[in-house]
Amino acid sequence: MTLRFDPLNIVVCGIGGQGNVLAAEILGSAMCDRGCRVAVGETYGASQRGGSVMSHVRVSNQWDPSVLIPAGEAHIILGFEPLEALRIARKYAGVDTVTVYDPRPVYPLGVLQGVQTYPSLEELQAEIRSLSSLALAVPAADIAMEAGDSKAANIALLGAFSQLSAAPLSSGDLEKILAQRFNGAVLELNRRAFAMGCEAARKGGAV
């Protein structure tokens, strides 16, 4: 596999329950399947209460990479929630970073109770764009609902990821892993969400 950067550094981030860890595992499995050396590590906030969850996926053709990505050295950020994507971009984005994220907010309990405020979506997206060489907003949660299950948002975002020129994996590479992880109606649902994510990325200008 040809890597644009070696090691290639990918951060997958979101809120507990959004399928962040599964998405990172699928990415890691697909790249191992292509013969790469892969390290995957997770950090958890209060994930059972909607806290932050972040996975580091590091890929190399030459050596076994360490687990943690240094600050400012993420090449791709895959974000399931816009504020989480921005938090990660502030720390890990560099000059070559591509950010793919779902712009649909998941409001913390404090915001729902009226004791905290959530930044405006316009401000969030503007800052994400300013920190990224390419920022692609993909409505993964909406796509998943249309495909048949909101839980498939992570798979829709993986579909969008596969369309990036910066991504080392093709859609076929990831679909192969989906077929290994799922079967029956669940596999067909995830295939729909994945294909719709691919299409959304192409329409959004993925390069």
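Residues numbered from 1 in each chain as written. Predicted model: local features only at pLDDT ≥ 70, side-chain atom pairs only at ≥ 80, totals over all residues. Heavy atoms only, no water.

### Points about the layout of surface pockets
The following threshold applies: Computed over the protein atoms alone on a 1 Å grid, cavities are sets of points where a 1.4 Å probe fits but cannot get out and pockets are open sets with protein on both sides within 12 Å along at least five of seven lines; a residue lines them when it has an atom within 4 Å of a point. Grid points are joined across faces, edges and corners, and a volume is the space filled by probe spheres set on the points. Helix numbering and strand numbering both begin at the N terminus, where a helix is a DSSP run of H or I of at least 4 residues and a strand a DSSP run of E of at least 2. Think of it as three bins: nonpolar holds Ala, Val, Leu, Ile, Met, Phe, Trp, Tyr, Cys and Pro, charged holds Asp, Glu, Lys and Arg, and polar takes everything else, Gly as well.
Space inside the largest pocket adds up to approximately 310 Å³. Residue lining of the largest pocket: 14 residues in total, with Gln18, Ala141, Ser150, Lys151 and Ala153 positioned closest to the centre. Of all elements in the fold, only helix 5 (140-147) and helix 6 (153-162) reach the threshold of two or more residues within the lining of the largest pocket. Of the residues contributing to the lining of the largest pocket, the split by class is six nonpolar, five polar and three charged.

### Overview of the side chain of Glu81
Put simply, the rule reads: Using a 1.4 Å probe on the protein chains alone, a residue whose accessible area is under 20% of its type maximum counts as buried, one over 50% counts as exposed, and one in between counts as partly exposed. His is not counted, nor are the chain ends, whereas Lys and Arg count as positive and Asp and Glu as negative. Any Lys or Arg side-chain nitrogen located within 4 Å of an Asp or Glu carboxyl oxygen qualifies as a salt bridge. Throughout this description, a polar contact denotes any pair of N or O atoms lying within 3.5 Å of each other; where both atoms belong to protein, one of them has to be capable of donating a hydrogen while the other can accept it, and for residues adjacent in sequence the pair is counted only when both atoms sit in side chains. Residues are treated as being in contact if the distance between any of their heavy atoms lies within 4.5 Å.
Position of Glu81 among the secondary structure elements: in the loop between strand 4 (74-79) and helix 2 (82-92). Of the side chains with opposite charge, Arg87 comes closest to the buried, unpaired Glu81, at an N-O distance of 6.5 Å. There is a polar contact of 2.5 Å between the side chain of Glu81 and the side chain of Tyr118. When near neighbours in sequence (up to four residues on either side) are disregarded, Glu81 contacts Ile15, Gln18, Asp102, Arg104, Pro105, Val106 and Tyr118.

### Re the packing of helix 5 against helix 8 (residues 184-204)
Worth spelling out the cut-off: Fitting a line to C-alpha atoms yields each axis, with helices limited to the stretch in contact; the angle taken between N-to-C directions then spans 0 to 180 degrees. Throughout, the term roughly parallel applies to angles under 35 degrees, roughly antiparallel to angles over 145, roughly perpendicular to angles from 65 to 115, and oblique to all others. Each helix crossing is assigned a hand: it is left-handed if the near helix lies turned anticlockwise from the far helix by less than a right angle, otherwise right-handed if that turn is clockwise.
It is the contact of helix 5 with helix 8, at a shortest axis distance of 9 Å, that shows an interaxial angle of 140 degrees. On the basis of their axis angle, the class for helix 5 and helix 8 is oblique. Judged by the twist between their axes, the crossing of helix 5 over helix 8 is right-handed. For the pair formed by helix 5 and helix 8, the contact residues are Ile143, Glu146 and Ala147 on the first element and Leu189, Arg192, Ala193, Met196, Gly197 and Ala200 on the second. Looking at the contact of helix 5 with helix 8, its residues break down into six nonpolar, one polar and two charged.

### Some words on helix 1 (residues 20-33)
Think of an α-helix as 3.6 residues a turn; residues three or four steps apart then line up on the same face. Rules: The length a helix should cover is 1.5 Å for every residue beyond the first.
Over its 14 residues, helix 1 extends 20 Å from the first C-alpha to the last, a length consistent with the 20 Å expected when each residue adds 1.5 Å. For helix 1, the set of buried residues is Asn20, Ala23, Ala24, Ile26, Leu27, Gly28, Ala30 and Met31. Phi for Gly35, located one or two positions after helix 1, is positive at around 90 degrees.

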